[in-house]
Amino acid sequence: MTKNAFIFSWDQEGIEAIIPITQYEHVEKQNLMRILSEKPTERNPLNGIIQHLLLRARFNPQRCYEIYAVDCSEDMDEKFWREQWAEYPQATADLIRERGHRLFSDRRTKKALIT
């Protein structure tokens, strides 16, 4: 169980998406109960969100997308994270890379050389 989880998607231009995902955990529990009672399951909306982000990242390699999931304390809401990205974009990206779970990364680690 997560306390306060988010998915972050950013590229070389900056943050693109901050998605709170803790709210979708109950869907998996409900589906388990439906399976046990032989009822049809429902689709978890989180799967579609992640697939959309991954598809966008894979088909735009020139933008060097990174997608991470992070579970954080409850006082770190979406407003907090938007302020962090606005004030300290590089430090925030480094923190998320260090503490988060990488879902996708096309991070450019070397600068292009012009000869």
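Check the entry above for the structure.
A. Focus on the packing of aromatic side chains. Under the criterion given, the structure shown has five aromatic pairs. Aromatic side chains Phe6 and Phe8 sit 6.0 Å apart centroid to centroid with 40 degrees between the ring planes, which places their arrangement in the tilted category. For the pair shown, Phe6 and Phe8 are each scored as buried. Consider the rings of Phe80 and Trp81, whose centres lie 5.3 Å apart with planes at 75 degrees: the pair is edge-to-face. Residue classification places Trp81 among the buried residues on the basis of a relative accessible area of 3%. Members of the aromatic cluster, connected to one another through ring pairs, are Phe6, Phe8, Phe80 and Trp81.

B. Focus on the pairing of strand E1 (residues 5–11). Summarising burial for E1: seven of the seven residues are buried, a large majority. Alternating positions in E1 separate into two faces, Ala5, Ile7, Ser9 and Asp11 on one and Phe6, Phe8 and Trp10 on the other, with burial throughout. Taken together, the six bridges between E1 and strand E3 (residues 66–71) define a ladder with antiparallel strand orientation. Residue pairing in the sheet places Trp10 in a bridge with Glu66 of E3. Inspection of the sheet shows E1 paired to strand E2 (residues 14–20) by six bridges, in the antiparallel sense. Across the sheet, residue Phe8 finds its bridge partner in E2, namely Ile18. Connecting the antiparallel pair E1 and E2 is a turn made up of two residues.

C. Focus on the sheet that holds E3. If you trace the four strands from one edge of the open sheet to the other, you get E2-E1-E3-E4, paired in antiparallel fashion. Among the strands making up the open sheet, the edge pair consists of E2 and strand E4 (101–105). Between one strand axis and the next, the sheet turns through 15 degrees on average, direction left out of account. In the packing of helix H3 (residues 78–87) onto the sheet, the strands contacted are E1 and E2, and the crossing angle to E2 comes to about 170 degrees.

D. How the structure looks around helix H2 (residues 45–58). Relative to the 20 Å expected for 14 residues at 1.5 Å per residue, H2 spans 20 Å between its end C-alpha atoms, a close match to the ideal helical length. Among the residues of H2, those classed as buried are Leu46, Leu53, Leu54 and Ala57. Along the axis of H2, the buried positions cluster into a sector of 95 degrees, meaning they face one direction only. Buried residues along H2 sit in contact with E1, E2, E3 and E4.

E. Broad picture of the environment of Glu25. Examined against the element boundaries, Glu25 turns out to sit in helix H1 (residues 25–36). According to the relative accessible area criterion, Glu25 is partly exposed, its value standing at 22%. Glu25 sits 19 residues away from Asn44 along the chain, and the two C-alpha atoms are 8.7 Å apart.

Rules used in this analysis
Residues numbered from 1 in each chain as written. Predicted model: local features only at pLDDT ≥ 70, side-chain atom pairs only at ≥ 80, totals over all residues. Heavy atoms only, no water. Phe/Tyr/Trp six-rings, centres within 6.5 Å; stacked < 30°, edge-to-face > 60°. Buried < 20%, exposed > 50% of the residue type's maximum accessible area, 1.4 Å probe, protein only. Helix = DSSP H or I, 4+ residues; strand = E, 2+ residues; numbered from the N terminus. Pairing = 2+ DSSP bridges. Axes fitted to C-alpha atoms, helices over the stretch in contact; angles between N-to-C directions. Contact = heavy atoms within 4.5 Å. Expected span 1.5 Å × (residues − 1). Arc of directions from axis to C-beta.

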